[in-house]
Amino acid sequence: MRIGFAGFPKSGKTTVFEVVTGLSAKASARAPHLAAVAVPEKRLDRLECDFNNPKKVCAKIEYLDPNIPEAQPDEPMKPSLDGVKDASVIALVLRAFDDPNVPHVLGSPDPLRDAARLIDKMFQMDIAIIEKRVLRIDQSIQKARTEELEREREVITHCLKHLEEREPISDIDLRPEQKREISGMRFLTAKPLMAVLNVDEKDTSSQRLRELSEQFRTAEPRFQSVTALSARLERELFDLEDEDRRLFMDDVGLERLADERLIRASYEATKTICFFTVGDDEVRAWPLVAGSTALQAAGTIHTDMMRGFIRAEVVNYNDYIKAGSMRDAKAKHFVRLEGKEYEVVDGDMILFRFNV
Ligand SMILES: Nc1nc2c(ncn2[C@@H]2O[C@H](COP(=O)(O)OP(=O)(O)O)[C@@H](O)[C@H]2O)c(=O)[nH]1
Ligand SMILES: [Mg+2]
C-alpha cells in the first residue's frame, strides 16, 4: 500500500509526511520523499510475547511526498497530482489553518473548496488521458484494425462517459477483464481517496478534531476516510521526549498521535484487514483486502502456498486470547479447519497446510 500526498502548495504535505514517517524531509529539497512505516499492531506485540520473542514482522505502509517544484499559479495542482500516479491511494492534504506567514495560493483557507477543485482536476486529468489515447487508437485502427484495440477503445470510451458525469472510475461497474485492460493507465479517480484536514493549532483536542472531520465528511462525502490533524503541532510533538509529549498531549486533550490515526484511516480507505501467521521463529501481520478468501490470503504470502493449498487452520485472535494459549484454543475447538473459499476475518491467526 502506497499513500501519495497531493494538494495545493503549502497545504502541509511535507510536514504531514514528516509527521507520519518520523523523518526530517528537509534534507532532500527536490527529490520525492518515499518512506515505509511499520503499522503499529498491539495484537502482534502480544503474540510476540506469547511465542517467546521470535522475529516480529509488522505490516508496512509506504508514504510518498512527490515534493515537486511549486506549480504555476494558473495551474496550481497539476504537478502534485502527477506525482501520485504511482500511489495506490491518494491523500489530499487540505489546508484548514490560518497563518499570515504562510500565504495561501487561493487567498484564504477553505478545505471544501480546495477538495472540490482538486477532485475536479483529477477528473480532468483522467479525461485528458482517455481523449489522447482514443486519438492514438483511432490512428492505429486506420492503419490496421485489431480486436485488441477495439476492445480497449470500447472500455475507455465507456469510462469517459462516466467521467464526464463526474463518476469516478472506482465507482464504474467494470468486469474483471475490463479492469485489467485499464489498470496500466493509472487513472487518478480509480484510486481510493483520503482527506487529511490540516487544522489550526488551536483545534487540537481529539474531541474537536472528531467534530471537524465529521463536519467535513458530511459536507464532502467523496472521501473514503477523513483525518483531521495539526501538522505543525504534531511536527513539534515528535521532537519532544516521550514524557513531555504525554504531558503536552494531556494538556491539549489529544488522545492519539496523527501517525497512528493516519495509518488506521489508510486501512479504512482501502478496506484493509490484517491476519497473522505465528510460530516459534516468526510472528507476522499481513494486510489483506477485506472479503478475501483463505486461498487469496495464502497467495499474499507465497504463490506456492496458493498453488499447493490444502487447508487453513484458523483461530481468531479474540478466541485465542479467551483460551489463553494455542493448546487451550485447540482443546476448546476454537481452531477450525477451513477450505479455499473461507472468508478471512480481521485478526485471524492462520496456519496454511500446503504441498509443493
Ligand atoms: N500554522 C501552521 N503552519 C503550518 C502547518 N502545517 C504546515 N505549516 C507551514 O506551512 C508551510 C508549508 O508546509 P509544507 O509542509 O512545506 O507544505 P507543502 O508545500 O504542502 O509540502 C511551512 O512553513 C509549514 O511550517 C500548520 O498546521 N499550521
Ligand atoms: Mg512540500
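Everything numeric here is computed off the predicted structure, so don't read it as measured data.

**Student:** Help me get a handle on the overall build of the protein, residues and values and all.
**Tutor:** When helices and strands are tallied, the protein shows 14 helices and 12 strands. Overall, the protein is about 65 × 65 × 40 Å in size when its C-alpha atoms are taken along their principal axes. For the protein, the residues scored as buried account for 46% of the 356 residues in total. In the structure as shown, the protein presents an accessible area of about 18800 Å², 49% of it carried by carbon and sulfur atoms. Treating the 54 positive side-chain charges of the protein as one cloud and the 63 negative ones as another, the clouds have centres 3 Å apart.

**Student:** Please set out the packing of helix α5 (residues 147–164) against helix α6 (residues 176–183) residue by residue, giving values where relevant.
**Tutor:** Contact geometry of α5 with α6 gives a least axis separation of 10 Å together with a crossing angle of 90 degrees. By the angle between their axes, α5 is roughly perpendicular relative to α6. Side by side, α5 and α6 meet where R151, E152, V155, I156 and C159 of the first sit next to Q178, E181 and I182 of the second. Of the residues belonging to the contact of α5 with α6, the class tally is four nonpolar, one polar and three charged.

**Student:** Any chance you could break down the domain arrangement of the protein for me, citing the residues and the numbers?
**Tutor:** The domains assigned to the protein are domain 1 (2–42 + 59–105 + 193–269), domain 2 (120–190) and domain 3 (291–354). A straight line from the C-alpha centre of domain 1 to that of domain 3 covers 35 Å.

**Student:** Now, about the environment of R2: what can you tell me, with residues and values included?
**Tutor:** Mapped onto the fold, R2 is located in strand β1 (residues 2–6). Note on R2: relative accessible area 23%, which makes it partly exposed. Sequence separation between R2 and A36 is 34 residues, and the spatial gap between their C-alpha atoms is 8.6 Å. Setting aside residues no more than four positions away along its own chain, R2 makes contact with L34, E62, L64, D86, A87, S88 and V89.

**Student:** Explain the packing of helix α4 (residues 111–143) against α5 to me, using residue names and the numbers behind them.
**Tutor:** Relative orientation of the contacting elements α4 and α5 amounts to 150 degrees, with a least axis distance of 10 Å. Of the possible angle classes, the one that applies to α4 and α5 is roughly antiparallel. Crossing handedness for the pair α4 and α5: left-handed. Mapping the contact onto sequence places F123, D126, I127, I130, E131, R133, V134, I137, D138, S140 and I141 in α4 and L149, E150, E152, R153, I156, T157, C159, L160, L163 and E164 in α5. For the contact of α4 with α5, the per-class residue count stands at 11 nonpolar, two polar and eight charged.

**Student:** How would you explain the site of ligand 1 if you had to name every residue and give the values?
**Tutor:** For ligand 1, the set of nearby residues contains 18 residues, the closest of which are K10, K13, T14, T15 and D99. Within the backbone of G12, a nitrogen or oxygen atom sits 3.0 Å from an oxygen atom of ligand 1. Surface burial for ligand 1 is 82%, taken as the share of its 580 Å² of free accessible area covered by protein chains. Secondary structure elements with two or more residues in the shell around ligand 1: α1 (13–21) and α8 (231–237).

**Student:** Please set out the pattern of salt bridges residue by residue, giving values where relevant.
**Tutor:** Scanning the model with the defined rule gives 32 salt bridges in all. A salt bridge links R43 to D346; the nearest nitrogen and oxygen atoms lie 3.2 Å apart. Of the two residues, R43 is situated in helix α2 (residues 42–50) and D346 in the loop between β11 (336–338) and β12 (348–354); the sequence distance between them amounts to 303 residues. Among the salt bridges present, the one from R235 reaches D239, with a minimum N-O distance of 3.3 Å. Within the structure, one salt-bridge network assembled from shared partners comprises E18, R235 and D239.

About the criteria used
- Residues numbered from 1 in each chain as written.
- Chains lettered and ligands numbered in written order.
- Predicted model: local features only at pLDDT ≥ 70, side-chain atom pairs only at ≥ 80, totals over all residues.
- Heavy atoms only, no water.
- Helix = DSSP H or I, 4+ residues; strand = E, 2+ residues; numbered from the N terminus.
- Buried < 20%, exposed > 50% of the residue type's maximum accessible area, 1.4 Å probe, protein only.
- Areas by Shrake-Rupley, 256 points an atom, 1.4 Å probe, with all protein chains shown as cover.
- Lys, Arg positive; Asp, Glu negative; His and termini not counted.
- Charge placed at Lys NZ, Arg CZ, Asp CG, Glu CD.
- Axes fitted to C-alpha atoms, helices over the stretch in contact; angles between N-to-C directions.
- Parallel < 35°, antiparallel > 145°, perpendicular 65-115°, else oblique.
- Contact = heavy atoms within 4.5 Å.
- Nonpolar A, V, L, I, M, F, W, Y, C, P; charged D, E, K, R; others polar.
- Domains from an automatic or database assignment.
- Left-handed = near helix turned anticlockwise from the far one by under 90°.
- Near = heavy atom within 4 Å.
- Polar contact = N/O pair within 3.5 Å; in protein donor to acceptor, adjacent residues only side chain to side chain.
- Salt bridge = Lys/Arg side-chain N within 4 Å of Asp/Glu carboxyl O.

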